[in-house]
Amino acid sequence: MARRLISPAAACRGCGFVNAGFLGAFSSLHHQSLPSCSSKRTSSVKNCFSYRANSRKEGSRWIRSEPFLSVNSAKFVGKRTSCSVATEPPPAATQEPEMDAPKEIFLKDYKKPDYLFDKVDLQFQLGEEKTIVTSKIVVSPGVEAGISAPLVLHGSDLKLLSIKVNGTELKGEEYAVDSRHLTISTPPAGVFILEIVTEIYPQLNTSLEGLYKSTGNFCTQCEAEGFRKITYFQDRPDVMAKYTCRIEADKTLYPVLLSNGNLIEQGDLEGGKHYALWEDPFKKPSYLFALVAGQLGCREDSFVTCSGRNVTLRIWTPAQDLPKTAHAMYSLKAAMQWDEEVFGLEYDLDLFNIVVVPDFNMGAMENKSLNIFQSRLVLASPETATDGDYAAILGVVGHEYFHNWTGNRVTCRDWFQLTLKEGLTVFRDQEFSSDLGCRTVKRIADVSKLRIYQFPQDAGPMAHPIRPHSYIKMDNFYTGEFLCLGAEVVRMYKTMFGASGFRKGMDLYFQRHDGQAVTCEDFYAAMCDANNAQLPNFLQWYSQAGTPTVKATSSYDPSSQTFSLKLSQEVPPTPGQPVKEPMFIPIAVGLVDSTGKDMPLTSVYSDGTLQTLSSDGQPVFTTVLQFKKKEEEFVFKNVPEKPVPSLLRGYSAPVRLDSDLSESDLFFLLANDSDEFNRWEAGQVLARKLMLSLVADFQEQKALVLNPKFVDGLRSILRNTSLDKEFIAKAITLPGQGEIMDMMAVADPDAVHAVRNFIKKELALQLKDDLLAAVTNNRSSEAYTFNHDSMARRALKNTCLAYLASLNEPDVTELALHEYKTATNMTEQFAALAALSQNPGQDRDDALLDFYNKWQDEYLVVSKWFALQATSDIPGNVVNVQKLLSHPAFDLRNPNKVYSLIGGFCGSPVNFHAKDGSGYKFLGEIVLQLDKINPQVASRMVSAFSRWRRYDETRQALAKAQLEMIVSANGLSENVYEIASKSLAD
């Protein structure tokens, strides 16, 4: 499943905007186009449509279907600006019964299932008022099943119509139903057939879990525990079965009927209905089940696998959006080719479907052969999507495809092992995007996200290891930052074993576990066994929460020509884990001489062992130290002069590094380090130290003075024509406000905001000529292309424009207006709009109104418009955000709109943490409204409160009051309760 990009400040991710302040707003990810496919890669594109011209009823409203539009049409009319599902009260039969107290589930209590499901036949009779679901399951005793063990099935919001065992209807005393389960007390011994018929109401399902309707179409979302909202089932990932699915529906309303696997049979039925029968030949857990029915058009293409099989590829979306699916199709084919070439993994069916829906809690879902995507992660055109959108689509389409092996063919035993599939697949999509683009820039983007979101979580009440010890709702662990930390753990295997060793480990993993539900230990064992190696205490990464801090001190002995590096580590206490053991931390190190060149490394002495360093007889310039104790010393031999150490190259481990590098050392590395990540990192360390120093001055009411060496350092970066342009954009971007507050004993959003604005304006003033030159020199009249050079040019231009606009001077405002009006693509137009939006006034208001009037029929663009206003640092912005809640284009039932407006507001520290508590009050009230509609989305929003103890006493009291109000609310969901209650816990 794609990580949900909805952490505070991530609301604009899809549009390339990151609320690290406007300096970093448009330094987006870049990717080069793939080389042309080999001659065996064929592409026969066609487009097929299903449509209905008349009106249909959707919930309590009548919606007119869009007219048929061919892909070649020049105009598209009547596009929706909001996407919705019905919210009227459900009928009495589906009123949720009073729930038991939230139940915490523990890893230590895992027990294999008492019963296995060998085959599952599902039948859906889709209707406008209700849907009937019939399941026929072949049940067999589990290996560890006790004598006459009851069969316990999960179920939620279901109306049970009938239950049969071996064709005989069960009597009331033979089973029991409560709000969470259906229990058959004494099932037959041996294999038996279980048949269950339930009635559900998808058109009233606003949680977007299970089966629901989105803009008139049926679709499903079953991960993690949504299948239990469809029928009674052992809804757990270690129950794997082969599925068939028969779908019956009105042919006019729902001409397209899709499910997992291969289409076996289809035909017409009486009463204007039709059916489709699908069969998935591979065993899968229930969370990978999918169904889609509706009026959709498709873009069709094909891919020839390495073994010569032809795979049909289809992307389904409302017909008017088909022209915007070309990039997603390119991304899918690129991912299929990359997985064959890098990991030797070939697609295993003859059909691969992607369906686009506007109402979706996740970014996307990897259901076997039927991926379901949120609209913004598929639909793109140069006019409506930014470079960030294009890059996100490439990465997420790749991510979901890669799950076919890392998640589907080999899945996780239980949800505690979530990182086994998600961390591994995130790593794979990161590598995919890196190979198709600029590896350094991608690495910087991934590490920045980790620091901005995951590190603060690791230091708060929701801290947990990548394999949690317990949970109430597993949905709360599907956060992008958590999954990216899992990817960092996977990356450390590759760092230790190298690319070839990692590939050997992956090959053994699939050889051993194809078709199984396994654990993190199984992956660890495959990696170690394949490389005939051990990684002492590496498994601590799976069981210990918190971000390790590594301290590094160094010394040089000219007489012996040795360089000593002393390392110590500390993992801070976290909830439930007051005492921590040392971690296994790979530290990639290089030594830089006085001329700025890497020194060859010959040998290193540690723990009584002298290790000779060489690579096939060639000099080694970077080595990886295995740091696995609380304190260790590493001594490099044959070092002819005192070097400047380049530590943690490529960010070889997800830790905080505290080194004894001086300011002059850092400026030296910024100018010379051959490791481009560490070159960027040196600048970031300098910026963080500078900002913290100025924050202290601001709090003491001292005059703020910008270090001229810092200005000179950025000027030299700007003028260095040998550097990648996007790297320059990243290098001149200041750390975000949240990153600085995270380093303070008591976070002060007002002081950090003031200091960041001061530095930004001072840099713009002192570097104005260079910034203007960068804007002018990086204009282009060429048509939009999605390749690295073009994207890097736009990133640098837009970053410099954002700096200049902070000056709020007439000539710069005129420049930004010119860039806005003359832009030929969304990347540059939206960047200019964001630059103009920094400063309150008529120009800002006019530009925002003009942008909305131009794009009001493009609902994904309107989401960007919401997010831009929500993340604004203009004082008192909560009032504007409250007004936007009533805007006709906003819909509280649509997750993307919520993430853009409400999630975006939480990403403005100075407004969300306003001293008067207005931001907290706004969020508290919204969370309770959202919780009645969609608990998953509400829980994401309430997480913004989780670190309330980091602030001053006044803010603490105001935030705590909102959390207490939320926890005491009647009918609170488990999703919101888990986060709010843990945030309040001492």
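Residues numbered from 1 in each chain as written. Predicted model: local features only at pLDDT ≥ 70, side-chain atom pairs only at ≥ 80, totals over all residues. Heavy atoms only, no water.

Identification of the protein as Puromycin-sensitive aminopeptidase from Digitaria exilis is taken from an unreviewed UniProt entry. Under the UniProt heading Cofactor (unreviewed entry), the note attached to the protein is "Zn(2+)". In UniProt, the protein has this text filed under Sequence similarities (unreviewed entry): "Belongs to the peptidase M1 family." (UniProt positions renumbered as here; feature names shortened; annotations may be inferred.)

A. Spatial organisation of the overall build of the protein. The secondary structure content of the protein amounts to 26 helices and 36 strands. Taken across its 986 residues, the protein has 63% of its residues classed as buried. Restricting the contact set of the protein to residue pairs at least 6 apart, pairs at least 24 apart contribute 74%. Accessible surface, the protein: about 35300 Å² in total, of which carbon and sulfur atoms supply 50%. (Helix = DSSP H or I, 4+ residues; strand = E, 2+ residues; numbered from the N terminus. Buried < 20%, exposed > 50% of the residue type's maximum accessible area, 1.4 Å probe, protein only. Contact = heavy atoms within 4.5 Å. Areas by Shrake-Rupley, 256 points an atom, 1.4 Å probe, with all protein chains shown as cover.)

B. Seen up close, the sheet that holds strand E18 (residues 273–284). Strand order across the open sheet formed by 8 strands is E9-E8-E12-E6-E5-E15-E18-E17, with mixed pairing between neighbours. Lying at the two open borders of the sheet, with one neighbouring strand each, are strand E9 (168–169) and strand E17 (262–268). Strand direction decides the pairing type here: strand E8 (residues 159–165) and strand E12 (residues 192–200), joined by 6 bridges, are antiparallel. Paired with Val 165 across the bridge in E12 is Leu 194. (Pairing = 2+ DSSP bridges.)

C. Structural view of unusual backbone geometry. Omega for the peptide link from Glu 223 to Ala 224 comes to 5 degrees, which places this bond in the cis form. Counting through the fold element by element, Ala 224 comes out in the loop between strand E14 (217–221) and strand E15 (241–250). Although it is not a glycine, Tyr 651 sits at a positive phi angle of roughly 55 degrees. Classification of Tyr 651 as buried rests on a relative accessible area of 1%. Phi angles above zero are rare outside glycine, and Gln 701 is one such case at about 60 degrees. Counting through the fold element by element, Gln 701 comes out in the loop between helix H9 (676–699) and helix H10 (708–719).

D. Seen up close, the sheet that holds E14. Taken together, the 4 strands give an open sheet; going across it, the order is E13-E14-E19-E16, and neighbouring strands pair in antiparallel fashion. A single partner strand is all that each edge strand has here, and the edge strands are strand E13 (210–214) and strand E16 (256–259). Pairwise comparison of adjacent strand axes, ignoring direction, gives a mean angle of 20 degrees for this sheet. Pairing of E13 with E14, which is carried by 5 bridges, proceeds in the antiparallel orientation. Directly across from Tyr 212, in E14, lies its bridge partner Cys 219. (Axes fitted to C-alpha atoms, helices over the stretch in contact; angles between N-to-C directions.)

E. Structural context of a negative patch on the surface. Together, Glu 814, Asp 843, Asp 845, Asp 846 and Asp 850 make up a region of like negative charge exposed at the surface. Counting residues per element, the negative patch draws most heavily on helix H18 (residues 842–855), at 4 residues. Looking at where Asp 845 falls in the secondary structure, it is placed in helix H18. Assessed through its relative accessible area of 40%, Asp 845 is described here as partly exposed. (Patch = residues over 30% accessible without salt bridge, like charges linked within 9 Å, V, L, I, M, F, W, Y side chains within 5 Å. Salt bridge = Lys/Arg side-chain N within 4 Å of Asp/Glu carboxyl O. Lys, Arg positive; Asp, Glu negative; His and termini not counted. Charge placed at Lys NZ, Arg CZ, Asp CG, Glu CD.)

F. Examining the packing of aromatic side chains more closely. Scanning all chains against the criterion turns up 42 aromatic pairs. Centre to centre, the rings of Phe 905 and Phe 912 are 6.3 Å apart; their planes meet at 90 degrees, and the pair counts as edge-to-face. Of the two residues examined, Phe 905 and Phe 912, each falls in the buried class. Taken together, the aromatic side chains of Trp 338, Phe 343, Tyr 347, Phe 352, Tyr 401, Phe 402, Phe 427, Phe 432 and Phe 502 make up a single cluster linked through ring pairs. Above the plane of the ring of Phe 106 lies Lys 108, whose end atom (NZ or CZ) is 5.0 Å from the centre. (Phe/Tyr/Trp six-rings, centres within 6.5 Å; stacked < 30°, edge-to-face > 60°. Lys NZ or Arg CZ within 6 Å of the ring centre and 35° of its normal.)

G. Structural context of the state of the cysteines. Applying the stated rule across the entire model yields 0 disulfides. Not part of a disulfide, Cys 412 finds its nearest cysteine sulfur in Cys 520, a span of 8.7 Å. Cys 412 sits in the buried class, given a relative accessible area of 0%. (Disulfide = S-S within 2.5 Å.)

H. View of the pattern of salt bridges. This model, assessed by the stated rule, comprises 66 salt bridges. Salt-bridge contacts for Asp 301 lead to Lys 333; the nearest nitrogen and oxygen are separated by 3.3 Å. One end of the pair, Asp 301, is in strand E20 (residues 297–304); the other, Lys 333, is in helix H1 (residues 326–343), with 32 residues separating them in the sequence. Among the residues examined, Lys 333 registers a relative accessible area of 11% and is labelled buried. The partner of Lys 421 in a salt bridge is Glu 366, with the nearest N and O atoms 2.8 Å apart. A residue pair is termed long-range when its members are at least 10 positions apart, and Lys 421 in helix H3 (residues 418–436) and Glu 366 in the loop between strand E23 (364–365) and strand E24 (370–374) qualify at 55 residues. With respect to burial, Lys 421 and Glu 366 carry one shared label: buried. Here the residues in one salt-bridge network are Glu 225, Arg 228, Asp 235, Lys 473 and Asp 475, joined through shared partners.

I. Structural context of the side chain of Asp 235. Its location among the elements puts Asp 235 in the loop between E14 and E15. Assessed through its relative accessible area of 2%, Asp 235 is described here as buried. Engagement of the side chain of Asp 235 in a polar contact is seen with the side chain of Arg 228, the distance being 3.0 Å. Every residue in contact with Asp 235, bar those within four places of it in the chain, is listed here: His 154, Ala 224, Glu 225, Gly 226, Phe 227, Arg 228 and Ser 286. (Polar contact = N/O pair within 3.5 Å; in protein donor to acceptor, adjacent residues only side chain to side chain.)

J. Spatial organisation of the environment of Ala 774. Relative to the assigned elements, Ala 774 resides in helix H14 (residues 768–777). Of the residues examined, Ala 774 reaches a relative accessible area of 8% and is grouped as buried. Taking the C-alpha atoms as reference, Ala 774 lies 7.2 Å from Leu 796; in sequence the two are 22 residues apart. When residues no more than four places from it in sequence are discounted, the contact partners of Ala 774 are Lys 797 and Cys 800.

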